[in-house]
Amino acid sequence: MKLKIIVLFTFIICSLCTTCKAEPLIQKKSLKKWGYIHHIAQLSDTYLHKTLPHYDKLCITGFYITHNGKIAHTKNSLFKKTFKLTKKYNKELIPLISFRSVRTGMQILNNPHLHNRAIYYIKQLCKTYNWKTLHFDFEYIPPKYVNTLKRFLQKIKVHLSEKKITMAIFPQVEFPKKYAAFHDLKVLQSVLDVIVIMCYD
């Protein structure tokens, strides 16, 4: 499996990233524009119509795994408008899914039953919106949980084998190890299709 890497240089309302295969030579034709939309941003219809067509993939925040494994989802007007416009402009919309808190993340990762509940609700979300890609953003969890994270992601890949699994990671060099080690690519690379390197931190 070839792991794709997206380098995230900044994190504003819509931010430009580059996508490349993890190979010595980067093929220009593979470069994509990946944008983020914060679900509580105040964006006008004019701005959205002007900006969205310039991106290939748009990732929207506002999806949280809660303490009982359910998914909390902010279905506000921005989400509805973005969902409609990405259909209109034939762009892929991707949900950014995170844990409600660090404590919730540790609780979920430690409990195989909660793994299964979370996966069930993620599957339901995929059915509702026909997502092709899932983007996970799990941060500030202690490094000792990296293997349980791998098991959780493995289960997701088994139950959602037709979906592309992506995750945001902290840089693995020149970044505090107490945070970066939870994203150890030696452990996680086999269960991820794409990584987004959060260079803005």
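What to know about the overall build of the protein chain
Okay, step 1: Counting its secondary structure elements, the protein chain contains seven helices and nine strands.
Okay, step 2: Scored against the burial criterion, the 201 residues of the protein chain give a buried share of 48%.
Okay, step 3: Surface summary for the protein chain: the accessible area is close to 10500 Å², and the carbon and sulfur share equals 54%.

Some details on the environment of Pro112
Okay, step 1: Among the structural elements, Pro112 can be located in helix H4 (residues 112-129).
Okay, step 2: Pro112 sits in the partly exposed class, given a relative accessible area of 49%.
Okay, step 3: Here the alpha-carbon distance between Pro112 and Lys155, two residues 43 residues apart in the chain, equals 9.8 Å.

Here's the deal with H4
Okay, step 1: Along its 18 residues, H4 runs 26 Å from first to last C-alpha, staying within 8% of the 26 Å computed at 1.5 Å per residue.
Okay, step 2: Every buried residue of H4 is accounted for by Leu114, His115, Ala118, Ile119, Ile122, Leu125, Cys126 and Tyr129. Buried residues along H4 cover an arc of 135° about the axis, so they all sit on one side. Residues of H4 that are exposed and point more than 90 degrees away from the buried face comprise His113, Lys127 and Thr128.
Okay, step 3: Measuring from the backbone nitrogen of His113 back to the side-chain oxygen at the start of H4 gives 2.9 Å, which picks out Asn111 as the cap.

Here's the deal with the packing of aromatic side chains
Okay, step 1: Following the criterion strictly, the structure yields 17 aromatic pairs and no others.
Okay, step 2: Note on Phe170 and Phe175: the rings are 4.6 Å apart at their centroids and 20° apart in plane angle, and the pair reads as stacked.
Okay, step 3: Note on Phe170: relative accessible area 0%, which makes it buried.
Okay, step 4: Classification of Phe175 as buried rests on a relative accessible area of 17%.
Okay, step 5: Cluster of aromatic residues (ring-pair linked, three or more members): Phe63, Phe79, Phe83, Tyr129 and Trp131.

Considerations on helix H2 (residues 77-88)
Okay, step 1: Look at H2: 16 Å from first C-alpha to last across 12 residues, which is about the 16 Å you get at 1.5 Å a residue.
Okay, step 2: Turning to H2, its buried residues number three or more, namely Leu78, Phe79, Thr82, Leu85 and Thr86. Here the buried residues of H2 occupy an arc of 135° about the axis, which is enough to place them on one side. The exposed set on the far side of H2, more than 90 degrees from its buried face, consists of Ser77, Lys80, Lys84, Lys87 and Lys88.
Okay, step 3: Looking at the buried positions of H2, the neighbouring elements they touch are strand S3 (34-37), helix H1 (45-51), strand S4 (57-65), strand S5 (71-73), strand S6 (92-99) and H4.
Okay, step 4: Looking at the residues trailing H2, positive phi occurs at Asn90, about 55°.

Side note on the pairing of strand S7 (residues 133-136)
Strand residues, when the strand is regular, have side chains that alternate between the two faces of the sheet.
Okay, step 1: The two faces of S7 match: Thr133 and His135 on one face and Leu134 and Phe136 on the other face are all buried.
Okay, step 2: Here S7 runs beside strand S8 (residues 164-169); their pairing, made up of four bridges, is parallel. Counted as the bridge partner of Phe136 is Met167 from S8.
Okay, step 3: This β-α-β element, S7 to helix H5 (residues 146-159) to S8, shows right-handed connectivity.

Thresholds applied
- Residues numbered from 1 in each chain as written.
- Predicted model: local features only at pLDDT ≥ 70, side-chain atom pairs only at ≥ 80, totals over all residues.
- Heavy atoms only, no water.
- Helix = DSSP H or I, 4+ residues; strand = E, 2+ residues; numbered from the N terminus.
- Buried < 20%, exposed > 50% of the residue type's maximum accessible area, 1.4 Å probe, protein only.
- Areas by Shrake-Rupley, 256 points an atom, 1.4 Å probe, with all protein chains shown as cover.
- Expected span 1.5 Å × (residues − 1).
- Arc of directions from axis to C-beta.
- Polar contact = N/O pair within 3.5 Å; in protein donor to acceptor, adjacent residues only side chain to side chain.
- Phe/Tyr/Trp six-rings, centres within 6.5 Å; stacked < 30°, edge-to-face > 60°.
- Contact = heavy atoms within 4.5 Å.
- Pairing = 2+ DSSP bridges.
- Right-handed = clockwise from strand over helix to strand, strands pointing away.

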